[in-house]
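The primary structure of each chain is shown beneath.
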Amino acid sequence: MKTREFWVLFFPSLLVMGALLVLPLVRTVQWSFEQVRYGVPGEFVGLANFVEALTDVRFGRAVLFTVSVTVVTTIILLVGGYIIATAVNRLTITRPLVLGIMLVSYVLPNLVGAVAFSWLFDDSFGGLANRIIEAFTGNQVLWFTDQVPNGILVIANTVWSMIPFAMLIILAGLQGVPSELKEAARIDGASSFQTHLHVIIPTIRGVLGFVTLITIMDVLRMFDNLIPLSPQAQSIGNESIMLYVYSVAFADGAQRLGLGSAINVLTILLILIMLIPFIRGIFKEAKAER
Amino acid sequence: MTIKPLDLSTRAITTGGAPRRKPTRRRPLTGILLGLLCVLMLSPFIWMTLSVTKPTDVAFANPPVFSGYTPTLQAFVDLWQTTYFADYLVNTLVVAVVSTVLALVIGIPAAYALSRFPSYVSALLLVLALVFRALPRFAVVLPMYDISKSLGIYDTTFALALALVAINQPFTIWLLRNFFAEIPRELDEAAMIDGCSRIGMLRRVMIPLMGPGILTAGIFVFLFAFQEYLTALVLTDSSSKTVPVFIATQLGQTLPMLQQAGAASMLLTIPVVVIAFIAQKYLVAGLSDGAVKG
């Protein structure tokens, strides 16, 4: 393809992304160095916003909460997704049905899923899950007002909505594992567990890496599900980074745009660092194709 | 790590089909556990359905009531009569349809160009697509709010649709590019030797071949737009409010309003679930069959 043709075909998309992604992003970076309100030109304040964000206890707690949820969720998704994918891989005629059911929680709007989840656990809405837990353990769990149980609830909801994705991608990986490999392992006397650990998992490590990356990216910016699941997020210390940005820079007429933008910039830097291995992969591939 | 992320997800979708080999032996335990898992996965949705179809006085009773009431659709009637739900639903649909169409119209040529132009430019653009996909939403949405206010297009369905086109464009391109990459280049060349222009070839040869790929991308973009909460929360106020934003404002209010939120959630969910089931079958048929017969 000629260079000119390439740019003609690519231009409309480039225009939209340039005007509606790059420009706003430049504005965010600019705001992060300013004392600014909506609709009014800002005033340059240097690194003050960054200093404020990094020394703010509330921001520290938001980072801690977000990162903890992200780490736990990622581990559960990898292990759980692998086990479920292995099981689903054995299904024959029921597979489309099982996949369809599993997909429901993934395609549901996050907010709706979280509302439904909160009804299962909130005593003032019936709290079915609480009745069951109480019947077995005799304990009452304060899902919405205690920090740790609330964190567990948020993790449970996140796992619930993302495990179909993890399972599907890992399933695709499992189908790419040559059956000769598994047979060879069996002939060599490997147990089923050893085959998984030493043959299958190393073969699909790229797929597992991809699941890890997407999970981390998506959980780091969680927002929607906390609205119903953690209505008292700030007072119990379960705010996510994005919820914190929202409450300082937008909610109820909040105008601390500079601070909010500085946090956005810090989050972007964090995400960029995590993307480095994937970016190198793409460039390697481009080089190979040349 | 040299994997191409969305290659895998497109492959994942094909896995709904009949497996290529027979299972080694029957494992009833696996089946039972998977059955339980399915029930568990659906339980929030089932519970919501029950709560919404109960009369309001027992809907959120503690301990929960399972029998002795007459199921009712009153919450849906109230939702329809006492709120502007119909307007919100229309807004949501308009935003989803407009942004899906726009995203595909500009995304298809771009993705095709990227798949046929292997160089550092193309790799760089793909990297940017990946980075933009990973961005925290507020980093682009808050400036968009500011800009849309100063342009006077704040709180219009068009502004929201356009914002979602841009936000989902990196994903759209990335997904489509991987479908295009599977179509052999010889096909382009053959068509162009036969006298097609590049654009004509894209329209007459590529797009028909890409049917399943375009459908997949379209479904994803539609779902993203249909369920978007954060962007709609910031870019809309009253006249272009969407259903997810409406649901959130109903929370923490009275119990009848909460039940209406549940009803709204169900109405938002049912079409999405139907799409998930239909799309699964379609994608299996389209892709596992080898849509690319080049």
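How each quantity is defined
Residues numbered from 1 in each chain as written. Chains lettered and ligands numbered in written order. Predicted model: local features only at pLDDT ≥ 70, side-chain atom pairs only at ≥ 80, totals over all residues. UniProt positions renumbered as here; feature names shortened; annotations may be inferred. Helix = DSSP H or I, 4+ residues; strand = E, 2+ residues; numbered from the N terminus. Buried ≥ 20, exposed ≤ 12 C-beta atoms within 10 Å, placed from the backbone. Contact = placed C-beta atoms within 7 Å. Pairing = 2+ DSSP bridges. Core = buried A, V, L, I, M, F, W, Y, C linked by C-beta atoms within 7 Å. Axes fitted to C-alpha atoms, helices over the stretch in contact; angles between N-to-C directions. Left-handed = near helix turned anticlockwise from the far one by under 90°. Nonpolar A, V, L, I, M, F, W, Y, C, P; charged D, E, K, R; others polar. pLDDT = per-residue confidence, 0-100. Domains from an automatic or database assignment. Expected span 1.5 Å × (residues − 1). Arc of directions from axis to C-beta.

Under an unreviewed UniProt entry, chain B has the name Carbohydrate ABC transporter membrane protein 2 (CUT1 family) and belongs to Plantibacter flavus. Looking at the Sequence similarities (unreviewed entry) heading of the UniProt record, one finds this comment for chain B: "Belongs to the binding-protein-dependent transport system permease family." Per UniProt, chain B has the following entry under Subcellular location (unreviewed entry): "Cell membrane".

According to the UniProt record, the Sequence similarities (unreviewed entry) comment for chain A reads "Belongs to the binding-protein-dependent transport system permease family." Heading Subcellular location (unreviewed entry) of the UniProt record for chain A holds this comment: "Cell membrane".

Draft legend 1. Spatial organisation of the overall build of chain A. On a plain count of helices and strands, chain A comes out with 14 helices and 2 strands. Viewed in the frame of its principal axes, chain A has a C-alpha envelope of about 70 × 70 × 30 Å. Taking all 290 residues of chain A together, 44% fall into the buried category. Considering only contacts in chain A between residues 6 or more positions apart, those separated by 24 or more positions represent 69%.

Draft legend 2. Summary view of the UniProt feature "transmembrane region" (unreviewed entry) in chain B. All names here are of chain B. In the numbering used here, UniProt assigns the feature "transmembrane region" (unreviewed entry) to residues 29-50, 88-112, 124-145, 157-176, 205-226 and 261-279. As a span, residues 29-50 carries 100% helix and 0% strand, and end to end its C-alpha atoms are 30 Å apart. Overall, residues 205-226 shows 95% helix and 0% strand. The separation of its end C-alpha atoms is 31 Å.

Draft legend 3. Representation of the pairing of strand β1 (residues 34-37) of chain A within the structure. All names here are of chain A. Where β1 lies against strand β2 (residues 40-44), 3 bridges are found, and the strand directions are antiparallel. The residue bridging R37 from the neighbouring strand is V40, located in β2. Between β1 and β2, which pair antiparallel in sequence order, lie 2 residues; one of them, G39, sits at a positive phi of approximately 80°.

Draft legend 4. Geometry of the nonpolar core. By size, the foremost hydrophobic cluster in this structure holds 173 residues, and its most contacted members are M167 and I170 of chain A together with A163 of chain B. When residues in this core are grouped by element, the largest group, 16 residues, is from helix α8 (residues 157-181) of chain B. Once residues lying within four places of it in the same chain are set aside, the contact partners of M167 of chain A are G81, I84, A85, V88 and M102 of chain A.

Draft legend 5. A look at the packing of helix α4 (residues 95-107) of chain A against helix α2 (residues 28-52) of chain B. Packing of α4 of chain A against α2 of chain B brings their axes to within 9 Å, and their N-to-C directions diverge by 35°. Seen from above, α4 of chain A lies across α2 of chain B with left-handed handedness. Only L34, C38, M41, L42 and F45 of chain B of α2 of chain B make contact with α4 of chain A, whose side of the interface consists of V98, I101, M102, V104 and S105 of chain A. Looking at side-chain class alone, the contact of α4 of chain A with α2 of chain B contains 9 nonpolar, 1 polar and no charged residues.

Draft legend 6. Up close: the interface of chain B and chain A. Contacts between chain B and chain A engage 91 residues on the former and 93 residues on the latter. Along the lines of polarity and charge, the residues of the side of chain B that touches chain A split into 64 nonpolar, 18 polar and 9 charged.

Draft legend 7. Inspection of the confidence of the model for chain A at higher detail. Per-residue confidence for chain A gives a mean pLDDT of 85, with 99% of residues at or over 70. The least confident element of chain A is helix α6 (residues 128-137) of chain A, whose mean pLDDT is 80; the most confident is helix α3 (residues 57-89) of chain A, at 92.

Draft legend 8. Examining the environment of L54 of chain A more closely. Residue and element names in this part refer to chain A. Within the element layout of this structure, L54 appears in helix α2 (residues 48-55). Looking at L54, the number of C-beta atoms within 10 Å reads 14, which means it is partly exposed. Taking the C-alpha atoms as reference points, L54 and V265, separated by 211 residues in sequence, lie 12 Å from one another.

Draft legend 9. Main features of the environment of V272 of chain B. Among the secondary structure elements, V272 of chain B is positioned in helix α14 (residues 255-288). Once the C-alpha coordinates of V272 of chain B and F226 of chain B are considered, the two residues, 46 residues apart in sequence, prove to be 8.6 Å apart. Once residues lying within four places of it in the same chain are set aside, the contact partners of V272 of chain B are V107 and L108 of chain A together with L223 and F226 of chain B.

Draft legend 10. Representation of the UniProt feature "transmembrane region" (unreviewed entry) in chain A within the structure. Residues and elements named next belong to chain A. Annotation from UniProt places "transmembrane region" (unreviewed entry) at residues 7-26, 62-85, 97-121, 152-174, 195-216 and 262-283. Secondary structure across residues 7-26 divides into 100% helix and 0% strand, with the first and last C-alpha atoms of the span separated by 23 Å. The annotated region residues 152-174 carries 100% helix and 0% strand content, and the separation between its end C-alpha atoms amounts to 30 Å.

Draft legend 11. Highlighting the domain arrangement of chain A. The domain architecture assigned to chain A consists of domain 1 (21-55 + 256-290) and domain 2 (64-240). Distance from the C-alpha centre of domain 1 of chain A to the C-alpha centre of domain 2 of chain A: 30 Å.

Draft legend 12. Here's a closer look at the UniProt feature "domain: ABC transmembrane type-1" (unreviewed entry) in chain A. UniProt annotation of "domain: ABC transmembrane type-1" (unreviewed entry) refers to residues 63-278 of chain A when read in the numbering used here. With 77% helix and 0% strand, residues 63-278 of chain A has its two end C-alpha atoms placed 24 Å apart.

Draft legend 13. Here's a closer look at helix α10 (residues 198-209) of chain B. When the terminal C-alpha atoms of α10 of chain B are compared, their 15 Å separation across 12 residues agrees well with the 16 Å that a helix rising 1.5 Å per residue should span. Of all the residues in α10 of chain B, the buried ones are R198, M201, L202 and M206 of chain B. Within α10 of chain B, the buried residues cover an arc of 100° as seen down the axis, which keeps them to one side. Opposite its buried face, α10 of chain B presents the exposed residues G200 and P208 of chain B, each directed more than 90 degrees away. Looking at the buried residues of α10 of chain B, the elements they touch are α1 (3-31) of chain A together with α5 (85-116) and α9 (185-193) of chain B.

Draft legend 14. A look at the domain arrangement of chain B. Residues and elements named next belong to chain B. Once the domains are mapped, chain B shows domain 1 (25-72) and domain 2 (73-288). Centre-to-centre, using C-alpha coordinates, domain 1 lies 31 Å away from domain 2. Contacts between domain 1 and domain 2 engage 9 residues on the former and 10 residues on the latter. Elements with a minimum of two residues in the side of domain 1 that touches domain 2: α2 and α3 (56-59).

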